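Remarks on the overall topology
For reference, the chains in residue letters:
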Amino acid sequence: MKWFGVLGLVALSECLVMLPLMKIKSLRENLRENNVLNDYLEKYPRGLAHKSLEKHPDPGVAFEPMRNYLDLAYVGIVSIGTPPQDFKVVLDTGSADLWVPSTYCSSGACTNHRSFDPLRSSTFLVSGRPIHLVYGSGALSGFLAYDTVRIGGLVDAAQAFGLSLQEPGDFLKYAVFDGILGLGYPSLALPGTTPVFDNLWKQGLIAQNLFAFYLSSKDEKGSVLMLGGVDPSYYSGELHWVPVSRPTYWQLAMDSISMNGKVVACDGGCQAIMDTGTSLLNGPPNYILSIQKIINAQPYSNGQYVVDCNTVGSLPDIHFTISGVDYPVPASAYIQESRSHTCYSSFEGLDHAFHSETWILGDVFLRLYFTVFDRANNRIGLAPAA
């Protein structure tokens, strides 16, 4: 059975389609370069990772190319409408809706991004239903519509998506991406809508009911989202499968977190969410503070911590143990050096948006480990990235 699965993955890899990549800047880096990051963090202590959906009362295998800029942000290009209108979107396993700015948006943030013009699309259908998406820095409001969405060469007909009318303050003003495409479970989506990935499967556009991420560690190019199959050349060894513990987020049970051979968090087990829409490693504030002390990270501003760049080579790995398998993350991955040669810790305390024993393993972890999100079997596959 195992050999059959491997052969299937190899055969499917021959059908993969890859699109060219583009450079982008992460929101955090862009804010920092514009000297407004501290102001932003002071005003909006909750980041993009801690998002939630507020339900409005009225309501073959393909590759999606992604970009990596300073190992902090990954976006892909999707097109909407007929003829296609292109948008840079965050491919986010921590949400399930697709939204982009509309030409009717009145917020200043919309003027810095591409906006969808319904009058230019012959396949556009409006529902007239308002939508309301809640983020740490404010609420995005708009309306629900339907149109053709193209992703990685696949054509998704009559896809529900959101069009913004108002976007919150600086949250998107400095973001290089235009919108977000969620890859979480349908329970996270607007009621009565079907997420993009689910429609790809229902319309018979992909061979397997799964997708996978490879996030490049060093190069700005090379990151991909695989839809409907897996290319084994992107990872080494075997995939280790872990059941999804809560089919809403891509959540699993974690055994422990250790450094220097000692358990520093998650003693006796906890929960972890694999989130491509998060750059950092998030966890309960008390445990995060203990880890900052272990790596001698010093408070910098608004919850940020820094370390002496000369000490990075001597800092310990942090080990995440999942289903008995050890996943080490070295300091070279969890410390990010800025253009000004300041070294920032990637550990950040969670607010109360999630249960106190829940961790979020973002891009810092996912760059090291190729990740398969298997909807057919409600499981997550992990292997060292090639």
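This section reports on the structure supplied with the text. Residue numbering note: each chain is counted from 1, following its sequence as written. In keeping with the model being predicted, local features are shown solely for residues with a pLDDT of at least 70 and side-chain atom pairs are shown and tallied solely at 80 or more, while totals for entire chains, interfaces and linings include all residues. Only hydrogens and water are set aside when side-chain values are computed; all heavy atoms of the structure are taken into account.

A few points about the packing of aromatic side chains
Ring pairs are drawn from Phe, Tyr and Trp, using the six-membered ring of Trp, whenever the two centres fall within 6.5 Å, and their geometry is named by plane angle: stacked under 30 degrees, edge-to-face over 60, tilted for the rest. All chains considered together, the criterion is met by 18 aromatic pairs. Ring geometry for Phe 87 and Phe 116: centres 6.4 Å apart, planes at 45 degrees, overall tilted. With Phe 87 in strand 4 (residues 85–92) and Phe 116 in the loop between strand 5 (98–101) and strand 6 (125–135), this pair connects stretches of sequence that are 29 residues apart. Here the two residues Phe 87 and Phe 116 agree in accessibility, since each one is buried. Centroid distance Tyr 300 to Tyr 344: 5.7 Å. Interplanar angle 85 degrees. Geometry classified as edge-to-face. With a gap of 44 residues between them, Tyr 300 in strand 19 (residues 298–301) and Tyr 344 in strand 24 (residues 343–345) connect regions that are remote in the sequence. Only protein chains enter the accessibility calculation, which uses a 1.4 Å probe; a residue whose area is less than 20% of its type maximum is buried, one above 50% is exposed, and one in between is partly exposed. On the basis of relative accessibility, which here comes to 45%, the residue Tyr 300 falls in the partly exposed class. On the accessibility criterion, Tyr 344 (8% relative accessible area) is buried. Directly above the aromatic system of Trp 241 lies the positively charged group of Arg 379, at a separation of 3.7 Å from the ring centroid. Helix and strand definitions follow DSSP, with helices as H or I runs of at least four residues and strands as E runs of at least two, each counted in order from the N terminus. Geometrically, a lysine NZ or arginine CZ counts as sitting over a ring once it is within 6 Å of the ring centre and also within 35 degrees of the ring normal.

Looking at the sheet that holds strand 21 (residues 318–322)
Whether two strands pair comes down to DSSP finding at least two bridges between them. Pairing within the open sheet is antiparallel, and its four strands lie in the order 16-15-21-22. Of all the strands in the sheet, just strand 16 (262–265) and strand 22 (325–329) have a single pairing partner and so form its edges. When the angles between neighbouring strand axes are averaged without regard to direction, this sheet yields 35 degrees. Bridging between strand 15 (residues 256–259) and strand 16 involves three bridges; their strand directions are antiparallel. Each bridged residue has a counterpart across the sheet, and for Ser 258 the counterpart in strand 16 is Val 263. Residue contacts are counted whenever heavy atoms from the two residues lie within 4.5 Å of one another. Interaxial angles span 0 to 180 degrees and are taken between N-to-C directions of axes, which are lines fitted to C-alpha atoms, for helices over the stretch in contact. Lying on the sheet, helix 6 (residues 285–294) is in contact with strand 15, strand 16 and strand 21; it crosses strand 16 at an angle near 130 degrees.

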